[in-house]
Structure formats: C-alpha cells, structure tokens
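# A look at the structure
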Amino acid sequence: MEDFTVDRKIVLKENLYCRKCGTWVYCPEMNMKCKNDQGEDVECIAEDCLKNDGEREYFECPGCGTRHYLQG
C-alpha cells in the first residue's frame, strides 16, 4: 500500500483529501483548541482523528485505507 506525508500546519488550515482516491479525510472545521508548551491556546487536530502505528501519527483514508503521515 502506498503511504503519503502531509504537513501538520497545512492540515490545520486546508481540507485534506486522499492523494490516492480523492476521498475527503479531514477539514479545519474539525480542529479543536489545546494548550501549547507556553500555555497558549492553539489549533490542534481533533481527538480520535489520528491513528498511531507505534512510531508516527497518521490519517487513514476511509475510502481506500491509504495512510497520510503527519510531519511537523
């Protein structure tokens, strides 16, 4: 199976569609607020939207199962 990498900053601001099949995966409207290391409120990816393979976090396409790994 083919895997892709997506930038966390871009996912927080733009819709994510699967690069393989085009299925919608995530949108910024799903973001939530969380605290950063300085205690400031920042945009974060919504809970339960990411999966983890033990090494990295990723979105899984609901259409074809392709993994879109986060970087940054």
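Everything numeric here is computed off the predicted structure, so don't read it as measured data.

Conventions we followed
- Residues numbered from 1 in each chain as written.
- Predicted model: local features only at pLDDT ≥ 70, side-chain atom pairs only at ≥ 80, totals over all residues.
- Heavy atoms only, no water.
- Helix = DSSP H or I, 4+ residues; strand = E, 2+ residues; numbered from the N terminus.
- Contact = heavy atoms within 4.5 Å.
- Areas by Shrake-Rupley, 256 points an atom, 1.4 Å probe, with all protein chains shown as cover.
- Lys, Arg positive; Asp, Glu negative; His and termini not counted.
- Charge placed at Lys NZ, Arg CZ, Asp CG, Glu CD.
- Phe/Tyr/Trp six-rings, centres within 6.5 Å; stacked < 30°, edge-to-face > 60°.
- Buried < 20%, exposed > 50% of the residue type's maximum accessible area, 1.4 Å probe, protein only.

## Description of the overall build of the protein chain
Secondary structure summary: the protein chain contains 1 helix and 8 strands in total. Going from the N terminus to the C terminus, the protein chain shows its helices and strands as β-α-β-β-β-β-β-β-β. A sequence separation of at least 24 residues applies to 40% of the contacts in the protein chain between residues at least 6 apart. Accessible surface computed for the protein chain: about 4,900 Å², of which carbon and sulfur atoms make up 44%. Both charge centroids of the protein chain, one from 10 positive and one from 15 negative side chains, sit 3 Å from each other.

## Some remarks on the packing of aromatic side chains
For the coordinates displayed, the defined rule picks out 2 aromatic pairs. Taking 5.1 Å as the distance between ring centres and 40 degrees as the angle between the ring planes, the aromatic pair formed by Tyr-26 and Phe-59 counts as tilted. Of this pair, Tyr-26 sits in strand S3 (residues 24–26) while Phe-59 sits in strand S7 (residues 57–60), and the two are 33 residues apart along the sequence. Taking relative accessible area as the criterion, Tyr-26 reaches 0% and is therefore assigned buried. Relative to Tyr-69, the ring of Tyr-58 lies with its centre 5.2 Å away and its plane at 50 degrees, an arrangement referred to as tilted. Here the residue Tyr-58 occupies a position in strand S7, and Tyr-69 occupies one in strand S8 (residues 67–71), the gap between them amounting to 11 residues.

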